[in-house]
Amino acid sequence: MPNDHSIDIESVLQEERKFPPSAEFSRRAHIKSMAEYEALYRRAAEDPEGFWKECASELFWFKPFSKVLDWNFPWVKWFVGGELNASYNCIDRHLAGPRRNKAAIIWEGEPGDSRVLTYQMLAGEVARCANGLRSLGVKAGDLVTIYLPMVPEAVIAMLACARIGATHSVVFGGFSADALRDRINDAEAKVCITADGGWRRGQIVELKRSTDEALKQTPSIQKCVVLKRCGNRVEMRPGRDLWWDELMGPQKTVCDPVSVDSEHPLYTLYTSGTTGKPKGVVHSTAGYLLHTLMTMKWVFDIKDEDVFWCTADIGWVTGHSYTVYGPLAAGATAVIYEGAPNAPENDRFWQIIEKYRVNIFYTAPTAIRTFIKWGEEWVKKHDLSSLRLLGSVGEPINPEAWMWYHKVIGREKCPIVDTWWQTETGGILISPIPGATPTKPGSATRPLPGIAAEVVTREGSAVAPNQGGFLVIKRPWPGMLRTIFHDPDRYKHQYFEQIPGVYTTGDGARCDDDGYFWIMGRVDDVINVSGHRLGTMEVESALVSHPAVAEAAAVGRPDELKGQALMCFVTLEGRRKGDDRLREELRNHVAREIGAFAKPDTIRFTDALPKTRSGKIMRRLLRQIAAGDQTLGDTTTLEDLSVLSRLREDEE
Ligand code: WTA
């Protein structure tokens, strides 16, 4: 996987500013100083198993574990022999005390409707849904696909699966019918839960229509549960389709939680990698839940009185870990917002923060850059004084965006936690501790306790400070993925055979003299468009599935707003010539195959793609062309890119 990008790993960012947390923040924080962080880090490094054993007492166990770690490289088991239930940990254990009537979820729909679910109310809804799923024959070990908008029922459905030991597979509502079909088939899901539609910028996203399309070719699906959200007309297929309300309404509001093994798969979540086929990342129950819970404390400094808002969609890992499992395991109050940040106007987020007095706000750099573009006046209209902590995730945050976030949203009072992690890591691995770590704009700072992160060469030896290299994790941690669904070889190969003996993240990074990590982005063929992770190979296979396309290469190019934009080089079948109409058709074709978020920003037709003598597409060259690398001269008029490749072949 580490490919020719390695040559490009050269760090240019020089950032000298440092922002320590205020004395007031530190005084009240769970971790109050660097000394405290260092001690915790040292303790975890010296005795990892003892450390995680102690942490594990924060979970509620039906049966205690007998062994902390079983590491048979690269296969891992944490908390061996233990039994628990994730939904019990996220709900029931809070019902015995004062949290019973605390808001678990504060939800706001895009049209302005809202709903609050206390922990007690959530318990009832989850039980109802769990019983409903059971009545359809869903049992421990079955897979349930969830394809819903950002509504409370998405959380309810996830927890209901966990309650009965079923494994959920949430598919982001922005994915197309084809993408949904592939994910259902890979998971061999028995039941699909969807909605008539969801609101997005005043429009209805017709989820049931896409689901119908997908279910034409999904032999494993027996039932489809449909939530009524928008009231748009949908077709209900007799025998297969059921309305959520009719199924769940009559069910009992109690449901005994199934006691599952620590390693029982809580969920699979499909993510993009370096091949055309997305991979189903499998997460465990105990290790995953513990990791999300601990990071809620360490990184988000969560307190009982906080209102916590993570803006990520539940269809991505950030939504799983920091809207659902982390906050609820911590007994926190989580805000969920259904729609777009500019619906009806550009200040919707600030309005929500003011309305619910949000204390902790967690979003993506691409969103921050969009807010900068929209202008401060939208922010100024609202009182954001409730905010005490800000977070960022999904891509490197450029120092300009960091400073704006700090000044305009944080009023120079809120620490910023730039959290580095991945779908595969389950939870945050590298991040400031808000009451302890002096932050530097653009750096995710230091690894969390128990996380052995390092920057190494392709051979695995440590690089000197300030030198770029591959970011790896040298020891297992509880929240790490356990395998790729149906594809253990890929798990082994992708993550543990690239660089000997360690977990390879696929990111490049450097460490500065203070031991701070600066993430430099992916070093494989994965790109990050507006915080959405996308495999370039996936886009390429979508393109070549169009009859006009002979060959395609997709690369990322730097984009001020999106972080990276998607540029595709396409050669056509026969003598066909490309024009704007075909260009548009191909863009729509990719949207249909994957989802609108994967629509190429630019398509360039070319007579040939630059290749090495062995026939490998010279992606680095294409990336340079896409980025408008001056040293290449003006290549935009070069129809036949193979000319260029002949010139540059020796360098690859
Ligand atoms: C990137 C999202 C820099 C990185 C949680 C990683 C980041 C990929 C950061 C995972 C950050 C995430 N700074 N880069 N704070 N956070 N990334 O699986 O390239 O959607 O490998 O998980 O996002 O994306 P994924």
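Residues numbered from 1 in each chain as written. Predicted model: local features only at pLDDT ≥ 70, side-chain atom pairs only at ≥ 80, totals over all residues. Heavy atoms only, no water.

## Focus: the pattern of salt bridges
Here comes step 1: What the rule picks out here adds up to 48 salt bridges.
Here comes step 2: Linking Asp241 and Arg240 is a salt bridge whose minimum nitrogen-to-oxygen distance equals 2.6 Å.
Here comes step 3: Note on Asp241: relative accessible area 10%, which makes it buried.
Here comes step 4: Put simply, Lys18, Lys440, Asp512 and Asp514 are held in one network by salt bridges that share partners. (Salt bridge = Lys/Arg side-chain N within 4 Å of Asp/Glu carboxyl O. Buried < 20%, exposed > 50% of the residue type's maximum accessible area, 1.4 Å probe, protein only.)

## A few points about the packing of helix H17 (residues 536-544) against helix H18 (residues 580-593)
Here comes step 1: At a closest axis distance of 9 Å, the pairing of H17 and H18 adopts a crossing angle of 115°. By crossing handedness, the relation of H17 to H18 is classed as right-handed. Facing Val539, Ala542 and Leu543 of H17, the residues of H18 in contact are Leu586, His589, Val590 and Glu593.
Here comes step 2: Split into classes, the residues belonging to the contact of H17 with H18 amount to five nonpolar, one polar and one charged. (Axes fitted to C-alpha atoms, helices over the stretch in contact; angles between N-to-C directions. Helix = DSSP H or I, 4+ residues; strand = E, 2+ residues; numbered from the N terminus. Left-handed = near helix turned anticlockwise from the far one by under 90°. Contact = heavy atoms within 4.5 Å. Nonpolar A, V, L, I, M, F, W, Y, C, P; charged D, E, K, R; others polar.)

## Focus: the layout of surface pockets
Here comes step 1: In this structure, the second largest pocket spans a volume of roughly 380 Å³.
Here comes step 2: Around the second largest pocket sit 18 residues that line it, and Glu24, Phe25, Arg28, Leu387 and Arg388 are the ones nearest its centre.
Here comes step 3: Of the residues assigned to the lining of the second largest pocket, the class counts are five nonpolar, four polar and nine charged. (1 Å grid on protein atoms, 1.4 Å probe; cavity = no way out; pocket = protein on both sides within 12 Å on 5 of 7 lines; lining within 4 Å. Points joined across faces, edges and corners; volume = space filled by probe spheres on them.)

## Topic: the domain arrangement of the chain
Here comes step 1: By the assigned domains, the chain splits into domain 1 (107-303 + 312-325) and domain 2 (526-649).
Here comes step 2: Between the C-alpha centres of domain 1 and domain 2 the distance comes to 34 Å.
Here comes step 3: Of the residues lining the interface, 16 residues belong to domain 1; the matching set on domain 2 comes to 15 residues.
Here comes step 4: Summed over both partners, the interface of domain 1 with domain 2 comes to about 1100 Å²; 50% of that surface belongs to carbon and sulfur atoms.
Here comes step 5: Of all residues in domain 1, the largest losses of buried area upon contact with domain 2 belong to Ser272, Gly276 and Trp316, amounting jointly to 38% of the total for that side.
Here comes step 6: Summed over the shared surface of domain 1 and domain 2, the number is zero salt bridges.
Here comes step 7: Across the domain 1-domain 2 interface, the total number found is seven residue pairs in polar contact (both at pLDDT 80 or more).
Here comes step 8: At three residues, helix H7 (residues 177-187) tops the list of elements feeding residues into the side of domain 1 that touches domain 2. (Domains from an automatic or database assignment. Buried area = accessible area lost by both parts, 1.4 Å probe. Polar contact = N/O pair within 3.5 Å; in protein donor to acceptor, adjacent residues only side chain to side chain.)

## Points about the sheet that holds strand S7 (residues 167-170)
Here comes step 1: Strands sit in the order S12-S11-S8-S6-S7-S14-S15-S23 across an open sheet of eight strands; the sheet is mixed. The open sheet is flanked by strand S12 (241-243) and strand S23 (483-484), the only strands paired with a single partner.
Here comes step 2: Bridge count between strand S8 (residues 191-195) and strand S11 (residues 223-227): five bridges; the pairing is parallel. In the sheet register, Ala195 faces S11, and the bridge partner there is Leu227.
Here comes step 3: Docked against the sheet, helix H11 (residues 317-329) engages S7 and strand S14 (267-271), running at close to 145° with respect to S14. (Pairing = 2+ DSSP bridges.)

## Examining the packing of aromatic side chains
The geometry of an aromatic ring pair is captured by the separation of the ring centres together with the interplanar angle, meaning the angle of the planes.
Here comes step 1: The tally for this structure, following the rule as stated, stands at 45 aromatic pairs.
Here comes step 2: A connected cluster of aromatic rings, assembled from ring pairs, spans Trp71, Phe73, Trp75, Trp477, Tyr491, Tyr495, Phe496 and Tyr503.
Here comes step 3: Across the ring face of Phe175, the terminal group of Arg183 is positioned such that the distance to the ring centre comes to 4.1 Å.
Here comes step 4: Residue placement shows Lys228 over the ring face of Trp243; its charged tip is 4.7 Å from the ring centre. (Phe/Tyr/Trp six-rings, centres within 6.5 Å; stacked < 30°, edge-to-face > 60°. Lys NZ or Arg CZ within 6 Å of the ring centre and 35° of its normal.)

## A look at the sheet that holds strand S20 (residues 416-419)
Strand pairs in the sheet, formed through backbone hydrogen bonds, run parallel or antiparallel to each other.
Here comes step 1: In space, the seven strands of this open sheet follow the order S5-S4-S17-S16-S18-S19-S20, with mixed pairing throughout. Every interior strand has two partners, whereas the edge strands, strand S5 (114-118) and S20, have only one. Within this sheet the neighbouring strands show an average axis-to-axis angle of 20°, counted without direction.
Here comes step 2: Summarising the sheet, strand S16 (residues 307-310) and strand S17 (residues 333-337) pair through three bridges and their orientation is parallel. The residue bridging Val307 from the neighbouring strand is Thr333, located in S17.

## Some words on the site of the ligand
Here comes step 1: The environment of the ligand is made up of 17 residues, and the closest members are Asp418, Thr419, Thr423, Asp507 and Arg533.
Here comes step 2: Gly394 is positioned with one of its backbone polar atoms (N or O) 3.1 Å from a nitrogen atom of the ligand.
Here comes step 3: Here Gln422 contributes a side-chain N or O atom positioned 2.9 Å from an oxygen atom of the ligand.
Here comes step 4: Within the complex, 96% of the 530 Å² of free accessible area of the ligand lies under protein. (Near = heavy atom within 4 Å. Areas by Shrake-Rupley, 256 points an atom, 1.4 Å probe, with all protein chains shown as cover.)

## Focus on H11
Residues lying three or four places apart along an α-helix face the same way, a consequence of the helix completing one turn every 3.6 residues.
Here comes step 1: Counting buried residues in H11 gives 13 out of 13 residues, a clear majority hidden from the surface.
Here comes step 2: Once H11 ends, the next one or two residues include Gly331, with phi positive near 70°.

## Considerations on the pairing of S14
Here comes step 1: The element S14 is largely enclosed, with a buried count of five among its five residues.
Here comes step 2: Of the two faces of S14, both are covered, the one formed by Tyr267, Leu269 and Thr271 as well as the one formed by Thr268 and Tyr270.
Here comes step 3: Taken together, the two bridges between S7 and S14 define a ladder with parallel strand orientation. Directly across from Ser169, in S14, lies its bridge partner Thr268.
Here comes step 4: When S14 meets strand S15 (residues 279-283), the two strands line up antiparallel, connected through five bridges. Residue pairing for S15: Thr268 is matched across the bridge by Val282.

## Brief notes about the pairing of strand S24 (residues 503-511)
Here comes step 1: Buried residues dominate S24, accounting for nine of its nine residues.
Here comes step 2: Across four bridges, the pairing between strand S22 (residues 469-473) and S24 is antiparallel. Directly across from Ile473, in S24, lies its bridge partner Tyr503.
Here comes step 3: Relative to strand S25 (residues 517-522), S24 runs antiparallel, the two sharing five bridges. Considered in S25, the bridge of Asp507 is made with Arg522.
Here comes step 4: Following S24, the chain reverses through five residues before pairing antiparallel with S25; Gly515 in that reversal takes a positive phi of roughly 80°.

## Things to note about helix H16 (residues 488-496)
Here comes step 1: Within the span of H16, buried status applies to Arg490, Tyr491, Gln494, Tyr495 and Phe496.
Here comes step 2: Contact partners of the buried residues in H16: strand S1 (67-72), strand S2 (75-80), S15, S23 and S24.

## Brief notes about the side chain of Glu540
Here comes step 1: Looking at the element boundaries, Glu540 is found in helix H17.
Here comes step 2: Classification of Glu540 by relative accessible area gives buried; the value is 7%.
Here comes step 3: With residues near it in sequence (within four places) discarded, Glu540 still touches Ala552, Ala553, Ala554 and Arg619.

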